[in-house]
Amino acid sequence: MIQTALKFLYSLSLTFWIGSIFFFSMFAAPSIFKVLTREQAGNVVSDIFPKYYFVSYVCGAVALISSILLIYFWSTFSSTNSIIKIAALFIMMGLAVYAGEVNRPEAHKVRTEMRSFQEGSQEYKEIHKEFRRLHRISAITNGAIFILGIALVFLSAYTNRE
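Please read all numbers here as calculations on a predicted model, not as lab measurements.

Draft legend 1. Quick look at the packing of aromatic side chains. Applying the stated criterion to the full structure yields 11 aromatic pairs. Residue placement shows Lys85 over the ring face of Tyr10; its charged tip is 4.6 Å from the ring centre.

Okay, here's the thing in structure tokens:
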């Protein structure tokens, strides 16, 4: 019974995590930026991001803890699947923490600074270039988390022994 509950928590947390990335990236953000002005959309997305990353942290922690417990009590740490799973989850968590705690605050600071310059001015162009760089890092980081999450879902389906 406990093993089944841990498997469920692992699967649920992993699918919620990658599902939140998919929904935000494919539907929420594009719609927000389509309907609102760029400044309003930026404000909305800035308000969503702390919650978005909190979901990542919780889902990542639940997936990691449940996975470690499953391996410790019902498997072996030496199996290739176990090593891949734990390594991928640690990488995903590291990327999520970097994106949420390092890159996001820096992007927010740059975005705020960008507002103090006249759009089209040289200062604005320079700070906007930095914002685009930080946004690109965020997109790559979230894309990597998503791809690793999909790989873990595939690994779970592939190794599922019913």
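The rest of the description comes next.
Draft legend 2. Seen up close, the environment of His108. Considering the arrangement of structural elements, one finds His108 in helix H3 (residues 80–114). We classify His108 as partly exposed; its relative accessible area is 40%. The spacing of His108 and Asn43 is 65 residues in sequence and 9.8 Å in space, taken between C-alpha atoms.

Draft legend 3. Just the packing of H3 against helix H4 (residues 122–159), in detail. At their nearest, the axes of H3 and H4 sit 9 Å apart, and the two run at 160° to each other. Classified by the interaxial angle, the pair formed by H3 and H4 is roughly antiparallel. Two packed elements cross with a definite hand, and for H3 against H4 that hand is left-handed. Across the contact of H3 with H4, the residue classes break down as 22 nonpolar, seven polar and five charged.

Draft legend 4. Representation of the layout of surface pockets. Size it by volume and the largest pocket reaches roughly 990 Å³. The wall of the largest pocket is formed by 36 residues, among which Phe33, Val45, Arg111, Phe131 and His135 lie closest to the centre. Of all the elements in the fold, those that place two or more residues in the lining of the largest pocket are helix H1 (2–35), helix H2 (38–74), H3 and H4. It is H4 that contributes the most residues to the lining of the largest pocket, 11 residues altogether. By residue class, the composition of the lining of the largest pocket is 19 nonpolar, 10 polar and seven charged.

What counts, and at which threshold
Residues numbered from 1 in each chain as written. Predicted model: local features only at pLDDT ≥ 70, side-chain atom pairs only at ≥ 80, totals over all residues. Heavy atoms only, no water. Phe/Tyr/Trp six-rings, centres within 6.5 Å; stacked < 30°, edge-to-face > 60°. Lys NZ or Arg CZ within 6 Å of the ring centre and 35° of its normal. Helix = DSSP H or I, 4+ residues; strand = E, 2+ residues; numbered from the N terminus. Buried < 20%, exposed > 50% of the residue type's maximum accessible area, 1.4 Å probe, protein only. Axes fitted to C-alpha atoms, helices over the stretch in contact; angles between N-to-C directions. Parallel < 35°, antiparallel > 145°, perpendicular 65-115°, else oblique. Left-handed = near helix turned anticlockwise from the far one by under 90°. Nonpolar A, V, L, I, M, F, W, Y, C, P; charged D, E, K, R; others polar. 1 Å grid on protein atoms, 1.4 Å probe; cavity = no way out; pocket = protein on both sides within 12 Å on 5 of 7 lines; lining within 4 Å. Points joined across faces, edges and corners; volume = space filled by probe spheres on them.

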